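Residue-level structural notes
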Amino acid sequence: MTTTGSRFGAQCEAVGPLADRFAAGGQRLYLVGGIVRDVLSGRVEDHPDFDLTTDASPDRIRSLIEGVVDAVWLQGEKFGTIGARLGERMFEITTHRAEAYLSDSRKPVVSFSTQLEDDLLRRDFTVNAMAVDVVDGTLHDPLGGQADLEARVLRTPLTPEESFSDDPLRMLRAARFLAGFDLAPAPGLVEAARTVSGRLRIVSAERIREELWRLLVLEDPGVGLTFLEETGQLPMFLPEVSELSALERAEVFGRVVAAGPVPEVRLAALLMDVSAPVLEERLRWLRLSGGQRAMVLGLAAAVGLIRGRSDEAWSDEAVRRLTAVAGEYLAGAVVLAGLAGPATGVLEKRLADLRADGDLDDLGPALGGVQVIELLGLEPGPDVGEAMAWLAELRLSEGRLEPDEAGRRLVDWWEGR
Ligand code: ATP
Ligand code: MG
């Protein structure tokens, strides 16, 4: 096995133990997709996960990798994919596919092949349809992916109409590759997406969300967002954004780009102007995880507290209340609100001042439950809760008090109730 000298020497070596097994079993094994593209474009030498394709059937893949890999996943077996871990690296080994499309009833239809060329033809874009034989490091590029990569063109292996109809998610992936790889669409690609965009309806919300996330995590997703709008895809999963006027949308996209590569922050920036119930509904539709949803909603709520408030409104008390309510989302919300305007300079200055005074540390009650029980001579119960809530209010309205002072005030209030 001589892969030295190949541009893919390091990657082939990483697959060494698998390559030996497949070769001994008379099967071919190829690195394919993102890893090949990225090595050729000098982007990365390494990937935490490798995609591989083979002429071996799923059953045969399983028996060939048995004993060499550290763990195996079989969830994708129906679609020809066996997942495996070897050391730190994850692999997905997929039997060549002759057909791979989404039926109108949303069911993926897959048929297998023993020909590498069949498989490459069914991939999304030519730049992703190159394979490297792990035994000798030979590049297989029947669709001219390398030339497209050099010419910076995003092209589908089949006609774009055919590729996009087969699996409409590829149109969303196009947005990601246009933006992330500085590629220009091949002639006809944009028009085809415009014609086919309605078929995104047959794609599950989970797949859409996943691909949207991969777009929003890019340093500059601007070109991709514009492509989604221009091809009529946006109304299919973010109608609130596509309903904006062209001018408003351009502003929103600008703010999304400037918000930085955290998908939740970017989604909050996209949907900042919609009402809370509409936002919640949208996030539910997109099937965000609990954590993702909490973050977008937390940011949006905090932005709502900041926006539309005049500079004079930022009294000490108002700043404390904002800090308490916004919690961990405060910093992100200030940035988002600033991007949407008006400027947040005064609020930022007020936050910095109060923080320097320590007034924003420990925004909770000055005394603990046990101390309150002792001071007021209470039994544990609702009275204690009420007293604690009063102390919490005191902290926000008046700022930091010494515990003795807070205790005196509490007793006065309690006796005068
Ligand atoms: P990244 O480096 O960001 O992971 P990738 O190109 O590896 O990008 P994946 O989603 O990991 O993208 O997919 C791996 C490969 O599988 C792609 O390079 C492409 O060849 C193929 N592929 C993925 N999704 C599709 C699809 N919807 N239709 C056709 N081929 C696809
Ligand atoms: Mg990948």
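Described below are features of the structure shown in this document.

Along helix α2 (residues 16-24), the positions that sit buried rather than exposed are Gly16, Leu18, Ala19 and Phe22. Seen from one end, α2 has its buried residues packed into an arc of 155°, which puts them on one side. Elements that come into contact with the buried residues of α2 comprise α1 (9-14), β1 (29-32), β2 (49-54), α4 (58-65) and β5 (89-95). Immediately beyond the C-terminal end of α2, within one or two residues, lies glycine 26, with a positive phi of roughly 75°.

Now for the packing of helix α22 (residues 382-398) against helix α23 (residues 403-416). Here α22 crosses α23 at 125°, and the two axes come no closer than 11 Å. By the angle between their directions, the pair α22 and α23 is classed as oblique. Crossing geometry of α22 relative to α23 is assigned as right-handed. Only Ala406, Arg409, Leu410, Trp413 and Trp414 of α23 make contact with α22, whose side of the interface consists of Asp383, Glu386, Ala387, Trp390, Leu391, Leu394 and Glu398. A per-class count over the contact of α22 with α23 returns eight nonpolar, no polar and four charged.

Our focus in this paragraph is the site of ligand 1. Of all residues adjacent to ligand 1, which total 17 residues, the nearest are Arg37, Asp167, Arg170, Arg173 and Arg176. Between an oxygen atom of ligand 1 and a side-chain N or O atom of arginine 123, the distance comes to 3.0 Å. Between asparagine 128 and ligand 1, the recorded distance is 2.9 Å, taken from a backbone N or O atom to an oxygen atom. Within the complex, the protein chains bury 76% of what would otherwise be the 580 Å² of accessible surface of ligand 1. At the level of secondary structure, the elements contributing two or more residues to the shell around ligand 1 comprise α3 (34-40), α8 (169-180) and α10 (205-216). Class assignment of the residues belonging to the shell around ligand 1 gives a composition of one nonpolar, four polar and twelve charged.

Looking now at helix α15 (residues 263-270). Of all the eight residues making up α15, eight are buried; the element is thus mostly covered by neighbouring parts of the structure. Burial in α15 covers these residues: Pro263, Glu264, Val265, Arg266, Leu267, Ala268, Ala269 and Leu270. The elements touched by buried residues of α15 are α10, α13 (239-242), α14 (246-258), α16 (276-285), α17 (290-306) and α19 (330-340).

Moving on to the pairing of strand β6 (residues 97-102). As paired strands, β6 and strand β7 (residues 108-112) are joined by five bridges and run antiparallel to one another. Residue leucine 102 lies in a different strand from β7, and its bridge partner there is proline 108. Hairpin geometry of β6 and β7 is characterised by an intervening segment of five residues between the two adjacent antiparallel strands and by a positive phi of about 70° at arginine 106.

The tally for this structure, following the rule as stated, stands at five aromatic pairs. On the numbers, 5.9 Å between centres and 85° between planes, the contact of phenylalanine 50 with phenylalanine 91 is edge-to-face. Separated by 41 residues along the polypeptide, phenylalanine 50 in strand β2 and phenylalanine 91 in strand β5 bring together distant segments of the chain. One exposure class covers both phenylalanine 50 and phenylalanine 91, and it is buried. In this structure an aromatic cluster arises from ring pairing among Phe125, Phe177 and Phe181. Positioned over the ring face of tryptophan 314 is arginine 309, at 4.6 Å from the centre of the ring.

Hydrogen bonds along the backbone pair up the strands of a sheet, which may run parallel or antiparallel. Pairing is mixed across the open sheet formed by seven strands, whose spatial order is β3-β4-β5-β2-β1-β8-β9. Sheet topology places β3 (71-73) and β9 (139-140) at the edges, where each strand pairs with a single neighbour. Bridge analysis of β3 against strand β4 (residues 81-86) gives three bridges, and the strand direction is antiparallel. Within β4, the position partnered with valine 72 by the bridge is alanine 84.

The rules behind each value
Residues numbered from 1 in each chain as written. Chains lettered and ligands numbered in written order. Predicted model: local features only at pLDDT ≥ 70, side-chain atom pairs only at ≥ 80, totals over all residues. Heavy atoms only, no water. Buried < 20%, exposed > 50% of the residue type's maximum accessible area, 1.4 Å probe, protein only. Helix = DSSP H or I, 4+ residues; strand = E, 2+ residues; numbered from the N terminus. Arc of directions from axis to C-beta. Contact = heavy atoms within 4.5 Å. Axes fitted to C-alpha atoms, helices over the stretch in contact; angles between N-to-C directions. Parallel < 35°, antiparallel > 145°, perpendicular 65-115°, else oblique. Left-handed = near helix turned anticlockwise from the far one by under 90°. Nonpolar A, V, L, I, M, F, W, Y, C, P; charged D, E, K, R; others polar. Near = heavy atom within 4 Å. Polar contact = N/O pair within 3.5 Å; in protein donor to acceptor, adjacent residues only side chain to side chain. Areas by Shrake-Rupley, 256 points an atom, 1.4 Å probe, with all protein chains shown as cover. Pairing = 2+ DSSP bridges. Phe/Tyr/Trp six-rings, centres within 6.5 Å; stacked < 30°, edge-to-face > 60°. Lys NZ or Arg CZ within 6 Å of the ring centre and 35° of its normal.

Just distances and angles here, no functional claims.
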